[in-house]
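Take a look at the letters that make up each chain.
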Amino acid sequence: MGYSGDEHDEESLGEIPEGAGLFRPRGAVPDPLDRLWMHPSELSPLVGAATASAARCRPVWTATLVAGAAGAILTLGVLGAVGAIGGTSDSTVNHKAASTSAPLISSRIMSAAAVATGVGPSVVAVSVRDKSGARRGSGVCVRRSHGLVTTANEVITSDRLVGSAASVNVTTSDGVVHSARIVGRDPTSDLLLLRLDSGIPAASSARQAPRFGDTVYVVGASRPGATLPWMSTGILSSIDSLVSSRSGPTTSGLLETAAVSSSASSGGALVDTAGDVTGIVLAPVADSRMTYAVPIETALAIAEDLRLHGYAKHGALGIDGTDASAGPTVTGVVTGGPAERAGIRAGDIVESVDKREVDSMPDVMALVRHDAPGQTIVIALRRGADHLSVDVTLGSLGAS
């Protein structure tokens, strides 16, 4: 039997010169007065000469003073840039506002309370009820004009493969309950899109990619009766994490943090210290204590796909495979599919995808599905005693 998730790959497959200014040219012997320092014994015999030459000397001293002033200004500029003036540290740099016409130094680092107040109105509670009972998670409004809210697919779907909520209610921060309908779901990234009948404030999305070590907040819907959202904090321990859980999402390029999360905060916002949403929080993955989030840029692209098509497209390799003792092994290829066209055969062992080593077939799928259809990736294979590298142009994984 192959890895069951791979069967999805069979669906909807498509096709100033150097040294300049360092040396002065040789010329006439310099005037003895054209010096910045003289011994006291030289002054008396030169007083007359100095008086007679005053008009000639003024330009030289003027140039010296101008050069000195320019040097001082340059020094001040360098010191200011490295934070030697005013005690500015890297933690006050607003990278989002940095440009050639705007100062790099900014004090836009919000307190936790300010973050909660700012993003709170855009984070909602998502309540569902189906045959397995009632569940509660969170969601984030990403487009006010359309009343669109992203949440985690796991919040709505009780099982990854079958069953979904019979009814979905969204409670906004003002306590008003709204009915919502499902626009589309994407089990691959564990994201789902809801539409409300009325608009709510859309969250401000981060305009710059997060960095390893950044401080982030997990913001979930407020508990019943509370006036502020639920929050926890931590740092980003990875900005390119891979999840290939059989009971959760199968994708890579995720944000990972030790900030506490729970089922109630699933679908909530991962927020940076500027108060902008940098990711959409996923449901807890298996027994991992880490919190994973889809980067906001990716989440918005998936949400747009769901809005337009009802599903999101992901890269497909067109193989079936299993985890053998030798490694992730190809057990079959789709006729005419991307893998077959690239020369991949049954029995090949996948060693890496775009130079990232893989230990299992789910790892292979997670890396492939993170990429877009039509993108070319490099697969390293072992075939018997031979090591091969093939370029594969990915097909499209259809509706999930």
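These figures come from a predicted structure and were not determined experimentally.

### With respect to the overall build of the protein
A tally of regular secondary structure across the protein gives seven helices and 20 strands. The buried share of the protein, reckoned over its 400 residues, is 41%. Here the protein displays about 20,800 Å² of accessible surface, and carbon together with sulfur accounts for 56% of that area.

### Some points on the pairing of strand β14 (residues 319-324)
One ladder, built from six bridges, connects β14 with strand β15 (residues 327-333); its direction is antiparallel. Within β15, the residue paired with isoleucine 319 across the bridge is valine 333. The loop that links β14 with its antiparallel partner β15 comprises two residues.

### Quick word on the side chain of aspartate 272
Summarising the element assignment, aspartate 272 is placed in strand β10 (residues 269-272). Engagement of the side chain of aspartate 272 in a polar contact is seen with the backbone nitrogen of aspartate 276, the distance being 2.9 Å. Not counting residues up to four positions away in its chain, the partners in contact with aspartate 272 are Val115, Ala206, Thr215, Tyr217 and Thr278.

### Observations concerning the sheet that holds β10
Spatially, β7-β8-β9-β12-β11-β10 is the arrangement adopted by the six strands of the closed barrel, whose pairing is antiparallel. If you compare each strand with its neighbour and ignore which way they point, the axes differ by 50° on average. Seen against the sheet, helix α5 (residues 296-309) touches β11 (277-281) and β12 (291-295) and runs at an angle of roughly 65° to β12. Strands β8 (230-244) and β9 (250-257) of the sheet are contacted by helix α7 (residues 361-370), whose axis makes an angle of about 85° with β9.

### Remarks on the sheet that holds strand β5 (residues 177-186)
One closed barrel accounts for six strands, arranged β1-β2-β3-β6-β5-β4; its pairing is antiparallel. Pairs of neighbouring strands in the sheet enclose a mean axial angle of 40°, with direction left out of account. As judged from the four bridges shared by strand β2 (residues 133-143) and strand β3 (residues 148-152), these two strands associate in the antiparallel manner. Bridge pairing in β3 places valine 140 opposite threonine 150. Sheet strands touched by α5: β2, β3, β5 and β6 (191-196). Its angle to β6, the strand with the most contacts, is close to 60°.

### Points about unusual backbone geometry
For aspartate 354, which is not glycine, the phi dihedral falls at a positive 50°. A residue is classified by how much of its surface remains accessible, and aspartate 354, at 36% relative accessible area, is partly exposed. In the Ramachandran plot, lysine 355 falls in the positive-phi region, its phi being about 70° despite a non-glycine side chain. Checked against the element boundaries, lysine 355 lands in the loop between β16 (349-353) and β17 (356-357).

### Notes on α7
By the criterion of burial, α7 is predominantly enclosed, with nine of the 10 residues buried. Buried within α7 are the following residues: Met361, Pro362, Asp363, Val364, Met365, Ala366, Leu367, Val368 and Arg369.

### Some words on α5
For α5, which comprises 14 residues, the first-to-last C-alpha distance of 19 Å matches the rise-based estimate of 20 Å (1.5 Å per residue) to within 8%. What α5 keeps buried is the set Ile296, Ala299, Ile302, Ala303 and Leu306. Down the axis of α5, the smallest arc covering the buried residues is 125°, so these residues share one side. Structural note: α5 exposes Glu297 and Leu308 on the side pointing more than 90 degrees away from its buried face. Downstream of α5 by one or two residues, glycine 310 has phi in the positive range, about 90°.

### Notes on the nonpolar core
In this structure, Val119, Leu191, Val271, Val277 and Ile280 are the most contacted members of the largest nonpolar core, which totals 28 residues. Those elements that provide at least two residues to this core are α3 (112-119), β2, β6, β7 (215-220), β10, β11, β12 and α5. Among the elements that make up this core, the one with the highest residue count is α5 (five residues). If sequence neighbours within four positions are ignored, valine 119 has contacts with Val219, Val271 and Val277.

### A few points about the environment of proline 362
With respect to the helices and strands, the residue proline 362 is situated in helix α7. Note on proline 362: relative accessible area 4%, which makes it buried. Spatially, the C-alpha atoms of proline 362 and threonine 322 are 8.8 Å apart, while their sequence positions differ by 40 residues.

### What to know about the confidence of the model for the protein
Here the protein shows a mean pLDDT of 77. Residues at 70 or above account for 69%. Counted against residues more than four places away or in other chains, residues 1-8, with its pLDDT under 50, gives 21 contacts. Within the model, the stretch residues 10-38 combines pLDDT values under 50 with 37 contacts to residues more than four positions away or in other chains.

### Focus on the environment of arginine 135
Positionally, arginine 135 belongs in strand β2. Considering only alpha carbons, one finds arginine 135 and alanine 264, 129 residues apart in sequence, at a separation of 8.3 Å. A polar atom in the side chain of arginine 135 sits 3.3 Å from the backbone oxygen of valine 155. Only 2.8 Å separates the side chain of arginine 135 from the backbone oxygen of isoleucine 156, close enough to count as a polar contact.

Reading the values: rules and limits
Residues numbered from 1 in each chain as written. Predicted model: local features only at pLDDT ≥ 70, side-chain atom pairs only at ≥ 80, totals over all residues. Heavy atoms only, no water. Helix = DSSP H or I, 4+ residues; strand = E, 2+ residues; numbered from the N terminus. Buried < 20%, exposed > 50% of the residue type's maximum accessible area, 1.4 Å probe, protein only. Areas by Shrake-Rupley, 256 points an atom, 1.4 Å probe, with all protein chains shown as cover. Pairing = 2+ DSSP bridges. Polar contact = N/O pair within 3.5 Å; in protein donor to acceptor, adjacent residues only side chain to side chain. Contact = heavy atoms within 4.5 Å. Axes fitted to C-alpha atoms, helices over the stretch in contact; angles between N-to-C directions. Expected span 1.5 Å × (residues − 1). Arc of directions from axis to C-beta. Core = buried A, V, L, I, M, F, W, Y, C linked by side-chain atoms within 4.5 Å. pLDDT = per-residue confidence, 0-100.

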